[in-house]
Amino acid sequence: MGEQEDLTTRVAVLETKNEAQECRLNSLEVDVGKKFDRLELKLDQFLEAARGRPSWMVALVISGLLTVVTGLIIYIVTT
(Lines give C-alpha, C1' and ligand atoms only; values in the text may rest on other atoms or scores of the structure.)
Protein backbone atom coordinates (compact mmCIF):
# COMPACT_ATOMS: atom_id res chain seq x y z
CA MET A 1 0.00 0.00 0.00
CA GLY A 2 2.89 2.42 0.58
CA GLU A 3 3.76 2.44 -3.11
CA GLN A 4 0.14 3.13 -4.10
CA GLU A 5 -0.05 6.11 -1.70
CA ASP A 6 3.25 7.43 -3.07
CA LEU A 7 1.91 7.25 -6.62
CA THR A 8 -1.34 8.92 -5.57
CA THR A 9 0.63 11.71 -3.91
CA ARG A 10 2.80 12.20 -7.01
CA VAL A 11 -0.27 12.34 -9.26
CA ALA A 12 -1.91 14.90 -6.96
CA VAL A 13 1.26 17.03 -6.99
CA LEU A 14 1.45 16.87 -10.80
CA GLU A 15 -2.24 17.78 -11.13
CA THR A 16 -1.71 20.77 -8.83
CA LYS A 17 1.30 21.90 -10.85
CA ASN A 18 -0.67 21.45 -14.06
CA GLU A 19 -3.54 23.59 -12.76
CA ALA A 20 -1.09 26.31 -11.66
CA GLN A 21 0.55 26.29 -15.11
CA GLU A 22 -2.86 26.55 -16.80
CA CYS A 23 -3.73 29.55 -14.61
CA ARG A 24 -0.43 31.24 -15.50
CA LEU A 25 -0.99 30.49 -19.20
CA ASN A 26 -4.50 31.95 -19.11
CA SER A 27 -3.21 35.06 -17.34
CA LEU A 28 -0.42 35.42 -19.89
CA GLU A 29 -2.89 35.06 -22.77
CA VAL A 30 -5.03 37.85 -21.31
CA ASP A 31 -1.99 40.12 -20.86
CA VAL A 32 -0.73 39.47 -24.40
CA GLY A 33 -4.22 40.09 -25.78
CA LYS A 34 -4.41 43.45 -24.01
CA LYS A 35 -0.97 44.45 -25.30
CA PHE A 36 -1.91 43.51 -28.86
CA ASP A 37 -5.11 45.54 -28.56
CA ARG A 38 -3.11 48.61 -27.44
CA LEU A 39 -0.56 48.04 -30.21
CA GLU A 40 -3.32 47.75 -32.79
CA LEU A 41 -4.89 51.00 -31.56
CA LYS A 42 -1.55 52.83 -31.81
CA LEU A 43 -0.93 51.39 -35.27
CA ASP A 44 -4.38 52.54 -36.40
CA GLN A 45 -3.64 56.05 -35.09
CA PHE A 46 -0.29 56.09 -36.90
CA LEU A 47 -1.82 54.93 -40.17
CA GLU A 48 -4.62 57.48 -39.88
CA ALA A 49 -2.07 60.26 -39.36
CA ALA A 50 0.02 59.02 -42.30
CA ARG A 51 -2.94 59.01 -44.71
CA GLY A 52 -3.04 62.81 -44.86
CA ARG A 53 0.60 63.07 -45.89
CA PRO A 54 1.97 62.67 -49.41
CA SER A 55 3.95 59.59 -50.30
CA TRP A 56 7.73 59.75 -50.45
CA MET A 57 7.64 59.77 -54.25
CA VAL A 58 5.33 62.80 -54.30
CA ALA A 59 7.52 64.56 -51.74
CA LEU A 60 10.65 63.89 -53.82
CA VAL A 61 8.99 65.10 -57.04
CA ILE A 62 7.79 68.30 -55.38
CA SER A 63 11.23 68.87 -53.88
CA GLY A 64 12.90 68.30 -57.25
CA LEU A 65 10.52 70.64 -59.05
CA LEU A 66 11.04 73.38 -56.46
CA THR A 67 14.80 73.01 -56.86
CA VAL A 68 14.55 73.33 -60.66
CA VAL A 69 12.20 76.32 -60.45
CA THR A 70 14.46 78.07 -57.91
CA GLY A 71 17.47 77.45 -60.16
CA LEU A 72 15.64 78.86 -63.19
CA ILE A 73 14.50 81.93 -61.26
CA ILE A 74 18.08 82.62 -60.14
CA TYR A 75 19.32 82.10 -63.71
CA ILE A 76 16.75 84.54 -65.11
CA VAL A 77 17.43 87.16 -62.43
CA THR A 78 21.22 87.05 -62.87
CA THR A 79 21.15 87.13 -66.69
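Residues numbered from 1 in each chain as written. Predicted model: local features only at pLDDT ≥ 70, side-chain atom pairs only at ≥ 80, totals over all residues. Heavy atoms only, no water.

**Q** I'd like to hear about the overall build of the chain, residue by residue, with values.
**A** The secondary structure content of the chain amounts to 2 helices and 0 strands. Its C-alpha atoms give the chain a radius of gyration of 33 Å, more than 25% over the compact-globule value 12 Å for 79 residues. Across its three principal directions, the C-alpha atoms of the chain cover 110 × 20 × 15 Å. Counting the 79 residues in the chain, one finds 0% classified as buried. With the model as given, the accessible surface of the chain reaches about 7700 Å², and the carbon-plus-sulfur share is 66%. Computed over 9 positive and 12 negative side-chain charges, the separation of the two mean positions in the chain equals 13 Å. (Helix = DSSP H or I, 4+ residues; strand = E, 2+ residues; numbered from the N terminus. Rg over C-alpha atoms; globule rule 2.2 N^0.38 Å. Buried < 20%, exposed > 50% of the residue type's maximum accessible area, 1.4 Å probe, protein only. Areas by Shrake-Rupley, 256 points an atom, 1.4 Å probe, with all protein chains shown as cover. Lys, Arg positive; Asp, Glu negative; His and termini not counted. Charge placed at Lys NZ, Arg CZ, Asp CG, Glu CD.)

**Q** Describe in detail a positive patch on the surface, supporting the description with residues and values.
**A** Taken together, the side chains of Lys34, Lys35, Arg38 and Lys42 make up a positively charged region of the molecular surface. Examined against the element boundaries, Lys35 turns out to sit in helix α1 (residues 2-51). Note on Lys35: relative accessible area 52%, which makes it exposed. (Patch = residues over 30% accessible without salt bridge, like charges linked within 9 Å, V, L, I, M, F, W, Y side chains within 5 Å. Salt bridge = Lys/Arg side-chain N within 4 Å of Asp/Glu carboxyl O.)

**Q** Any chance you could break down the environment of Gly52 for me, citing the residues and the numbers?
**A** Along the polypeptide, Gly52 turns up in the loop between α1 and α2 (56-78). Taking the C-alpha atoms as reference points, Gly52 and Gly71, 19 residues apart in sequence, are found 29 Å from one another.

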